[in-house]
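Structural overview for review
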Amino acid sequence: MIITGSDIAVNLLQLLRQRLNDALVPLTPEPETYVDMLRPAGDTKFGDFQANCAMPMQKSVGKPAREIAQLIVDGLKVDDICEPPSIAGPGFINLKLKESWLTEAATRSANDMALGIDPVSKPRKFIVDFSSPNVAKPMHVGHLRSTVIGHALYRVLKRLGHHVLSDNHIGDWGTQFGMIIYGYKNFRDEARFAEKPVAELARLYRLVNQLSDYHTLKPALPGLIEAQKCAAASLAQAQSQLASAVASGVKKSPELQQLVKKAESDLKAANEEVESARKKLAAVEGDSDLFDLASRHPKIAEDARLETAKLHAGDAENLALWNQFLPDCLQALEGLYERFGLKFDMALGESWYNPMLPGVLERLEQAGLLTKSQGAQCVFIGGNEAPFIVRKSDGAFTYATTDLATIQHRVESLKADAILYVVDSRQSEHFDLLFATAKKLGYRDVELQHVKFGTILGEDKRPFKTRSGDTVGLESLIDEAIVRAREIVNAGDDGKPTGAELDEETRQAVAEIVGLGGIIYADLHHSRESDYSFSFEKMLATKGDTATYMQYAYARVNGIFRKGGVNVADIRSAGHALNLAQPAERMLALQLLRFGEALQDVAVDYRPNVLTQYLFETANRFSAFFEACPVLKESDESIRHSRLLLCDWTARVMKEGLDLLGIRVAEKM
RNA sequence: GCGCCCAUAGCUCAGCUGGAUAGAGCAUCGGAUUUCUAAUCCGACGGUCAGUGGUUCGAAUCCACUUGGGCGUACCA
């Protein structure tokens, strides 16, 4: 018999909090502020759970904390679940689960194919906006985090029972498209375009971008050099001021030191700017073909902008080109998403909102939010210096306008309760302004969240680039991870004491699972707001906190089943009871029981790393169990059954947990 | 100039709305293998949580300032 999630008290934590709440009611008028202070024990030696509410209640209750703790314990009815509670330290209440209760709850959960997760009682409608590539350019490493974090949040929220729609807000309408059109009209290689249209369009984009950079930088270089000289001069001046101050006996001058430091960093910035400009100019001037092209297209930046403007104005030729290019571009994206096992519910790009833009402007106007400044239509939000520009001085709308239209659509047509934007933290200012403007337009009930994330750095602590300084393509990044993973798989399989057991095809399949899983896991296990250093060596390490470790745990479970000729379906339908006599068994079961809790924690602040931590801990406890508790060799049949069930439960939690992160598993590795 | 973010072990990073002796992984050192897959497990070593002051029963966590770093800052998205 299969027991469904609704039959059992799924969330242990919630259950205990409910009991605590009952005990708090006679003691305080606001028990709800204290029930959350019951949480899993920080240290297992204190028990399984602890309640920390007695101390903060001292003021309102007017008694010492230990006395309050005693009152709580007196009123706490948990004798069916826990051993008698104990009070420790300043007033901690420690709870240890009764073995009988734990065993029973674990048995029910282990036999529950829903893994003890009930759908949330109040589902909300979420729109998760992530990935958002630009069709003009191939996805690069910068898109990785948005894609991977967004995907994970999407799946977790959905698993919890919310109504979730993923939306890929593709950049298909901006300035870059004008560059492509200009490139296509002037530079296209017919043969290449016929063969690989997207690659050719990407090449054209890069070319136009490069040439237009060239013409922007060429006249600007003297100015940059001048600025560099000025910066050097002010540094020298600041230094001499400091030196003469020191000479005249001043011991410390924070102001002057500050000045020197500021001048130093200004000079550094100026140096970098000049160097980067020189590099770009040299790249064009050093290549006679490029230089020739540059000379023949002196107004390329302006002309490309003109193409964008024509497109937006409905020019027939440009619109036709746009319609011709777009499907190929989208198709190319699909290929990459397929590797991630990712499918969007919607992909409403910027172009889709184009017809709504005049209406947005009108609403802003009616709300009295518009101010004309330097020829542009702006919304000024108090406390912010920068304006929120909704219409440029040339009359074109901006992504600010599009983003407002997007909110309008998501709230009014899609009835969203919450919109998550999984976007780089560097855009937080934009989102602050966007959300503030939306609120002023009356969108107050919807939760607008910028789910921000940090930058991926190279080993040099600078933003991750190739040796030549180019951004790293996402596709090639994945390919390299898989190549490296393949070597590890080969070595691992060749090194097996019982001899290699994977054929070519399986090895490659495992390499793909391990390589891609490594990239995804490495990204998700960092807390999303911090920057992190990208390292193939670390993410694919055969030891430590990596995707492989968890995939390996899963494969080992399957190894047991394979070796023992165990039919998994039999275990799932037999309704075996768990026996948690061994500490390793108990630790594992308790951990598996907390799967739902981990998912809920992910949703609180939209942090997938909560789940990676949970899965690492789970795999860890499984490995300990694997060492300590033989399964197939166990002679006592009921214990063997219990352990087989524990294995299968582990496998299901690992597989599903990893799946929610977008990471696959292999049966053998 | 203004704004935002960050500083935790040698390295890479966790640390949930403030909770007990600050945790992992890597590295180093020591142990475990006639293997249900050692891509593993067990143990040891390692920290003035950048600094100073404050809030309170209690601070890595909250507040202020200081120091050091990153990012953003008007018509790109």
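Every chain's residues receive numbers from 1 upward, in the order its sequence appears when written. All chains are assigned letters beginning at A, and all ligands numbers beginning at 1, according to the order in which they are written. Only residues with pLDDT of at least 70 get local features here, since the model is predicted, and only at 80 or more are side-chain atom pairs given and counted; chain-wide, interface and lining totals rely on the full set of residues. Calculated side-chain values reflect all of the structure's heavy atoms, with hydrogen atoms and water omitted.

1. Points about the sheet that holds strand S8 (residues 376-379)
Here is the rule we go by: At least two DSSP bridges between two strands are required for those strands to pair. Working definition: helices are DSSP H or I runs of at least four residues, strands are E runs of at least two. Numbering for both runs from the N terminus. In this analysis an axis means a line fitted to C-alpha atoms, helices contributing only their contacting stretch, and an angle means the value between N-to-C directions, from 0 to 180 degrees.
The strand order across the open sheet formed by three strands is S7-S8-S9, and the pairing between neighbours is antiparallel. For this open sheet the edge positions go to strand S7 (370-373) and strand S9 (388-391), each flanked by a neighbour on one side alone. Strand after strand, the sheet turns through a mean of 45 degrees between neighbouring axes, direction not considered. Strand direction decides the pairing type here: S8 and S9, joined by three bridges, are antiparallel. Bridge pairing in S9 links Val-379 to Phe-388.

2. Concerning the packing of aromatic side chains
To be explicit about the condition: Any Phe, Tyr or Trp ring, taking Trp's six-membered ring, that has another such ring centre within 6.5 Å forms a pair; planes under 30 degrees apart are called stacked, those over 60 apart edge-to-face, and the others tilted. Cation placement over rings: the criterion is NZ of Lys or CZ of Arg within 6 Å of the ring centroid and within 35° of the ring normal.
Enumeration according to the criterion identifies 21 aromatic pairs in this entry. Pairing Trp-352 with Tyr-353 gives two aromatic rings, centres 5.0 Å apart and planes at 75 degrees, and the pair type is edge-to-face. Through pairs of rings, three or more aromatic residues link up here, namely Trp-173, Phe-177, Tyr-184, Phe-193, Trp-322 and Phe-325. Cation over ring: Arg-188 sits above Tyr-184, and NZ or CZ is 4.4 Å from the ring centre. Cation over ring: Arg-556 sits above Phe-626, and NZ or CZ is 3.9 Å from the ring centre.

3. Observations concerning the layout of surface pockets
The criterion, for reference: Using protein atoms alone on a 1 Å grid, points that fit a 1.4 Å probe yet trap it form a cavity, whereas open point sets bounded by protein on both sides within 12 Å along at least five of seven lines form a pocket; residues with an atom within 4 Å of a point count as lining. Grid points are joined across faces, edges and corners, and a volume is the space filled by probe spheres set on the points. The nonpolar class holds Ala, Val, Leu, Ile, Met, Phe, Trp, Tyr, Cys and Pro. Asp, Glu, Lys and Arg form the charged class, and all remaining residues, Gly among them, are polar.
If you add up the space inside the second largest pocket, you get close to 1100 Å³. As for the second largest pocket, its lining consists of 34 residues, of which Lys-496, Tyr-552, Ala-555, Arg-556 and Met-669 are closest to the centre. Of all elements in the fold, only helix H17 (474-494), helix H18 (504-524) and helix H20 (547-563) reach the threshold of two or more residues within the lining of the second largest pocket. Top element by residues in the lining of the second largest pocket is H20. It accounts for nine residues. Tallied by class, residues from the lining of the second largest pocket come to 17 nonpolar, seven polar and ten charged.

4. What about the nonpolar core?
Using the following cut-off: We define a nonpolar core as any set of buried Ala, Val, Leu, Ile, Met, Phe, Trp, Tyr and Cys residues linked to one another through side-chain atoms lying within 4.5 Å. Accessible area is worked out with a 1.4 Å probe on protein chains only. A residue is then buried under 20% of its type maximum, exposed over 50%, and partly exposed in between. Here the bounds of each domain stem from an automatic or database domain assignment. When checking whether two residues touch, look at their non-hydrogen atoms; a contact exists if any pair is within 4.5 Å.
Of all hydrophobic cores here, the largest spans 169 residues; its most connected members are Ile-72, Leu-477, Leu-611 and Trp-649. Taken domain by domain, this core gets at least three of its residues from each of domain 1 (5-97) and domain 2 (176-319). Not counting residues up to four positions away in its chain, the partners in contact with Leu-477 are Val-141, Leu-144, Phe-464, Val-472, Ile-519, Phe-534 and Phe-536. Counting residues in each nonpolar core, the second largest holds 33 residues, with Phe-388, Val-423, Leu-434 and Tyr-443 among its members.

5. Describing the packing of helix H10 (residues 254-285) against helix H11 (residues 288-296)
Threshold: For classification purposes, angles smaller than 35 degrees are called roughly parallel, those larger than 145 roughly antiparallel, those between 65 and 115 roughly perpendicular, and all remaining angles oblique.
Contact pair H10 / H11: the axes reach a minimum separation of 6 Å and the direction vectors enclose 100 degrees. Comparing their axes, H11 and H10 come out roughly perpendicular. Contact residues: Ala-283, Val-284 and Glu-285 in H10; Leu-290, Phe-291 and Ala-294 in H11. In the contact of H10 with H11, the residues fall into five nonpolar, no polar and one charged.

6. Here we look at the confidence of the model for chain A
The following threshold applies: What pLDDT reports is the predictor's confidence in each residue, on a scale of 0 through 100.
Mean pLDDT over chain A works out to 91, with 98% of the residues at or above the 70 mark. This stretch, residues 1-9, has a pLDDT under 50; its non-local contacts, to residues over four places away or in other chains, come to 19 contacts.

7. With respect to the sheet that holds strand S6 (residues 163-167)
Taken in spatial order, the four strands make up an open sheet running S6-S5-S10-S11, and their pairing is parallel. Each end of this open sheet is capped by a strand with a single partner; those strands are S6 and strand S11 (447-453). Between one strand axis and the next, the sheet turns by 20 degrees as a mean value, whatever way the strands run. By the bridge criterion, seven bridges tie strand S10 (residues 418-424) to S11 in an arrangement that is parallel. Bridge pairing in S11 links Ala-418 to Glu-447. Its contacts with the sheet put helix H15 (residues 399-412) on strand S5 (125-129), S6, S10 and S11, and the angle it makes with S10 is roughly 145 degrees. Sheet strands touched by helix H16 (residues 428-440): S10 and S11. Its angle to S11, the strand with the most contacts, is close to 180 degrees.

8. Brief notes about the protein's contact with RNA strand B
As a reminder, the rule being used: Whether a residue is near a molecule or strand is decided by its heavy atoms; if any one of them lies within 4 Å of it, the residue is near.
Within the structure, RNA strand B sits among 72 residues, and Lys-261, Glu-350, Lys-392, Tyr-552 and Lys-633 are positioned closest to it. Restricting attention to atoms of RNA strand B within 4 Å of the protein, one finds that 60% of them are sugar or phosphate atoms. Secondary-structure elements contributing two or more residues to the surface near RNA strand B are helix H3 (58-61), strand S4 (92-95), H10, S8, strand S13 (532-533), H20 and helix H24 (609-628). Take the surface near RNA strand B: its biggest share by element is eight residues, from H20. Looking at side-chain class alone, the surface near RNA strand B contains 24 nonpolar, 22 polar and 26 charged residues.

9. Considering the pattern of salt bridges
So the rule is basically this: The rule for a salt bridge is simple: a side-chain nitrogen of Lys or Arg has to be within 4 Å of a carboxyl oxygen of Asp or Glu.
If you walk through the whole model with that rule in mind, you get 39 salt bridges. Of the charged contacts, one joins Asp-648 and Arg-652 as a salt bridge, the two residues approaching to 2.9 Å between their closest N and O atoms. Taken together, the residues span about one helical turn, with Asp-648 and Arg-652 both in helix H25 (residues 637-660) at a distance of four residues. By relative accessible area, which is 11% here, Arg-652 ends up buried. Among the charged side chains, a network of salt bridges with common partners joins Asp-493, Asp-494, Lys-496, Glu-501 and Arg-507.

10. Concerning the environment of Thr-546
We count it as follows: What qualifies as a polar contact is a pair of N or O atoms within 3.5 Å, subject to a donor-acceptor requirement within protein and to the restriction that residues adjacent in sequence count only when both atoms come from side chains.
By the secondary structure assignment, Thr-546 is in the loop between helix H19 (536-539) and H20. Thr-546 sits 129 residues away from Asp-417 along the chain, and the two C-alpha atoms are 35 Å apart. Within polar-contact distance, the side chain of Thr-546 engages the backbone oxygen of Ala-541 at 3.4 Å.

11. A few points about H15
Helical periodicity: at 3.6 residues per turn, an α-helix aligns residues three or four positions apart in one direction. Where we set the bar: The span you would expect from a helix comes to 1.5 Å times its residue count less one.
Here H15 is 14 residues long and its end C-alpha atoms lie 19 Å apart, about the 20 Å a rise of 1.5 Å per residue gives. Among the 14 residues in H15, twelve count as buried, and that is most of the element. Sitting at the amino-terminal end of H15 is Thr-398, which places a side-chain oxygen 3.0 Å from the backbone nitrogen of Ala-400.

12. Details of the packing of helix H6 (residues 142-159) against H25
Interaxial distance between H6 and H25 falls to 8 Å at its minimum, and their mutual angle equals 125 degrees. Classified by the angle their axes make, H6 and H25 are oblique. Seen from H6, the contacting residues are His-151, Ala-152, Arg-155, Val-156 and Arg-159; seen from H25, they are Glu-656, Asp-659 and Leu-660. Across the contact of H6 with H25, the residue classes break down as three nonpolar, one polar and four charged.

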